[in-house]
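# Fold and geometry: a report
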Amino acid sequence: MVIVVEFHCLVHEYVDHFPQLDFPRPEVCPHCHAVNVFIGHGFYLRKALSQTQVYLVRIKRWYCKACHQTLSLLPSLLLRFRHYTGTCGYASAGVSST
Ligand SMILES: [Zn+2]
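Everything numeric here is computed off the predicted structure, so don't read it as measured data.

### Concerning the overall build of the protein chain
The helix and strand inventory of the protein chain stands at one helix and six strands. Per-residue burial over the protein chain gives 13% buried out of 98 residues. Here the analysis covers contacts within the protein chain between residues at least 6 apart in sequence; of these, 57% occur between residues at least 24 apart.

And the structure:
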């Protein structure tokens, strides 16, 4: 599952400062409704295309210890970019395959 999060920064700031960003940890799992069960689960990469540049953007993931599902935090700034994944070719902004 993906939730969209506002980080109040530009894409290059998000990329450059990813390790220092404060990622909100959901209190309730949207899959199983357990409370306080999320632990960090790394990240995956997504490409974001601007008119002139390609950014490799890390997408933070949480893991539910109760139901073993993951939850990804998609930065809202990606909604302004065209992006694609390695398997799907071009996709319109805001549409996720995960
Ligand atoms: Zn869960």
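### Considerations on the confidence of the model for the protein chain
Predicted confidence across the protein chain gives a mean pLDDT of 84, with 83% of residues reaching 70 or more. In this model, residues 85-98 is a region of pLDDT below 50 whose contacts with residues beyond four sequence positions or in other chains number 19 contacts.

### Quick word on unusual backbone geometry
Not every positive phi belongs to a glycine, and N36 is a case in point at roughly 55°. As for its placement among the helices and strands, N36 is situated in the loop between α1 (11-16) and β2 (38-49). Judged by C-beta crowding, with 11 C-beta atoms within 10 Å, N36 ranks as exposed.

Cut-off values and rules
- Residues numbered from 1 in each chain as written.
- Predicted model: local features only at pLDDT ≥ 70, side-chain atom pairs only at ≥ 80, totals over all residues.
- Helix = DSSP H or I, 4+ residues; strand = E, 2+ residues; numbered from the N terminus.
- Buried ≥ 20, exposed ≤ 12 C-beta atoms within 10 Å, placed from the backbone.
- Contact = placed C-beta atoms within 7 Å.
- pLDDT = per-residue confidence, 0-100.

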